[in-house]
Amino acid sequence: MKKLIFALFMASAAPLVAQTEVAGTAGGGDAAASSPATAEDDGGLTGSVSDEKAWQDLGIAIPGFSTDADRGTAASAGGTAALGKEVARVITADLRNNGLFLPVGPDALPQPTYPDITAPAWQTWAGRNADMLVQGYVNAAPNGTLTIGCYLYDVQLQSELVRGGWTLQPADWRRGAHKCADLVYSRLSGESPFFDSKIAYIAETGPKDNRTKQLAIMDSDGANHRFITTGQATALTPRYSPDYQSIVYLSYLNGNPRIYIYDIAAATQKLVTQSENPTFAPRWSPDGKSILYSMAVNGNTDIYRVSANGGPSTRLTDTPGIDVGGSYSPDGTKIVFESDRSGSQQVYVMNADGTNQRRISFFGGRAATPEWSPRGDQIAFTHMVGNFRIATMNPDGRGLTYLTNSWQDEAPTWAPNGRIVQFFRTERNSGKTSLWQLDLTGRNLRRLRTPVDASDPAWGPVLP
Amino acid sequence: MNRSLATAALVAAALSMSACQSKAPETLPPQPASPTAPAQSAGPEPGSYAHFKSVLGERDVIYFDTDRFNIDSQDAAALQAQAQWLMQYAGTRATIEGHCDERGTRDYNLALGERRANSAKNYLVSLGVPAERISTISYGKERPVALGSNEGSWARNRRAVTITVN
């Protein structure tokens, strides 16, 4: 524990070190080549995790989860015993890719028995230099539902730190693994959970001058990937609703750019607002009840708010020029947005009703795509001085911190716990795009594997 | 109304003549006189998009500086030629596509592309083309024509393209 606290302190005290480190990693290009991913990896995240020892000192043993009786389950061809091992692999991948810990997965560890779960074989784990131990079980009920139990032990202290359990449909078994990883991560780091969440993004294929762009979704680790649209109409800039029921995004359906709300369960979509004019850059309010969007009228773009159920729109900005985007503070009282009213793209803050608009970015270059952290303490944005870099600042515009240094990194969005920033990177000339994640400290830059090229990533909240 | 329209057309014609004096004449060679010959054998049907392209040549596209949407003298010459054609074929409609280079953020580029398309539209309207015959659409940075990541390619992608339908 003491080591971990030290590691966290180092992280917040050394942003400059982090910056240099990321610059080096970013220049290296292909993360897959330097990936530490092993057979344990299920093909989701890969990482170029830094070799700073302080970050990986906390050894966590995660042996295969046990079962009260090896029963068949729709979740795995091998029954609940095989599924238990798979659950432990998912937890291991989550914790490893986060970069905070040094997890060891089930393929390199002895398998505990079912009674061991609540009475760990301490000598076994102490002998393997494990600081922490994550054990659990996967039981199948006669009706098919799964119960996944998760226990975190401190091996040195020989004591239980926390436990949790979840009853799930077989198809949702990975959520049990993510919930367990969240439990361990939260208990050991003191941060809010984020693994049990999903990401919406745009999948890209085809040549640079004729890209096909499809709306797609996946779990936070890249699993359960699904294309939502066919790609016949160009899709851009998706955002998950806070309740995960729908996605708001831009589509060129019927030829013109308009924003739609796509209902995931019903697989239907509707226009957010009937308009003769192009609408784009949609964003949810934190309570999911309203949507911010931008609309161009006679070439002049302003920001509007409309109820998610439709109805009249309220215009929030009215300056000549381009006011675009917009992201609510987590309490819903303020909006950070982008405007070129001063002559170039800069970041502004206003009250949620549009009053008290004021510029906050004053550090040269252009500042765009601001996104308010779910914790409220930071704003992530794209800073352009020639190249595009991901950066953060305080809501008052102070404390500019660069997180990346590459040719073109764009459009940061936040993990639900506000500790990780996600963005997309465009490769010079080829135009190929990919999704990346990075700790707020500037460490642990890693590529999120996707089946094809990918852009415009947006994280949803942690599932209830 | 009639008079101002006629004046605008005259001015447009005069401007386009002065701007294009070193180039080929605007009008095509006369159609073959035979009344039975199908139009196809004599090049694109007048008023069609193919005809617009053949008359306008490269002047169906205008180009912009980084982050700008103003009409410079070269743009004005091209738009005058477009306006002349559009007023000659009153049954046609035009769509102006606004585009940006890849060195801008996605949402901003959608707005900037719309602004560029509107600049072109407003200029055509000022020359007498009825506003209701012209629509605009922004593709932001989604539809580049030049594929390199260099100044030359970016300059070719910052553009407004006029497409006509009969």
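Bear in mind that the values here come from a model prediction, so they are computed numbers and not experimental data.

Reading guide: rules and limits
Residues numbered from 1 in each chain as written. Chains lettered and ligands numbered in written order. Predicted model: local features only at pLDDT ≥ 70, side-chain atom pairs only at ≥ 80, totals over all residues. Axes fitted to C-alpha atoms, helices over the stretch in contact; angles between N-to-C directions. Helix = DSSP H or I, 4+ residues; strand = E, 2+ residues; numbered from the N terminus. Parallel < 35°, antiparallel > 145°, perpendicular 65-115°, else oblique. Left-handed = near helix turned anticlockwise from the far one by under 90°. Contact = placed C-beta atoms within 7 Å. Nonpolar A, V, L, I, M, F, W, Y, C, P; charged D, E, K, R; others polar. Buried ≥ 20, exposed ≤ 12 C-beta atoms within 10 Å, placed from the backbone. Core = buried A, V, L, I, M, F, W, Y, C linked by C-beta atoms within 7 Å.

Trainee: Describe the packing of helix α2 (residues 49-56) of chain B against helix α3 (residues 73-88) of chain B, and please don't skip the residues or the numbers.
Mentor: Residue and element names in this part refer to chain B. For the pair α2 and α3, the least separation of the axes is 11 Å and the interaxial angle reads 140°. As summarised for this structure, α2 and α3 are arranged oblique, according to the angle between their axes. As for the relative orientation of α2 and α3, their crossing is right-handed in sense. Between α2, through F52, V55 and L56, and α3, the contact on the second element is made entirely by A81, Q82 and W85. A class-by-class count of the residues in the contact of α2 with α3 yields five nonpolar, one polar and no charged.

Trainee: Go over the environment of Q245(A) with me, naming the residues and quoting the values.
Mentor: Here Q245(A) lies in the loop between β9 (235-240) and β10 (246-251). Beyond its immediate sequence surroundings of up to four residues, Q245(A) is in contact with D263(A), I264(A) and A265(A).

Trainee: Residue-level account of unusual backbone geometry, with values.
Mentor: For residues other than glycine, phi is negative in most cases, and the peptide bonds are mostly trans. Its identity as a non-glycine residue notwithstanding, T237(A) has a phi of 45°, on the positive side. One can find T237(A) in strand β9. T237(A) gets classed as buried once you count the C-beta atoms within 10 Å, which come to 25. Within the chain, D67(B) stands out as a residue other than glycine whose phi angle is a positive 65°.

Trainee: Outline the nonpolar core, listing residues and values.
Mentor: Core analysis: the biggest nonpolar cluster contains 120 residues, and V87(A), I91(A), V134(A), Y249(A) and Y293(A) have the highest contact counts within it. At eight residues, the largest contribution of residues to this core is made by helix α5 (residues 173-189) of chain A. The residues contacting Y293(A), other than those within four sequence positions of it, are I259(A), V272(A), T279(A), F280(A), A281(A), P282(A), Y304(A) and V306(A). Within the second largest apolar cluster, 20 residues are counted, among which are A78(B), A83(B), L127(B) and A160(B).

Trainee: Lay out the packing of α3(B) against helix α4 (residues 106-126) of chain B in plain terms, naming residues and giving numbers.
Mentor: Residues and elements named next belong to chain B. Orientation of α3 relative to α4, taken along the N-to-C sense of each, is 55°, at an axis distance of 9 Å. By the angle between their directions, the pair α3 and α4 is classed as oblique. Considering how the two elements wind past one another, α3 and α4 form a crossing that is right-handed. Across the interface between the two elements, A76, L79, Q82, A83 and L86 of α3 pack against A120, Y123 and L124 of α4. Partitioning the contact of α3 with α4 into residue classes produces seven nonpolar, one polar and no charged.

Trainee: Kindly report on the interface of chain B and chain A, identifying the contributing residues and their values.
Mentor: Chain B puts 21 residues into the contact, and the matching count from chain A is 29 residues. Among the secondary structure elements, those contributing two or more residues to the side of chain B that touches chain A are α4 and β3 (134-140) of chain B. Looking at which element gives the most residues to the side of chain B that touches chain A, the answer is α4(B), with ten residues. Its residues assigned to classes, the side of chain B that touches chain A shows eight nonpolar, six polar and seven charged.

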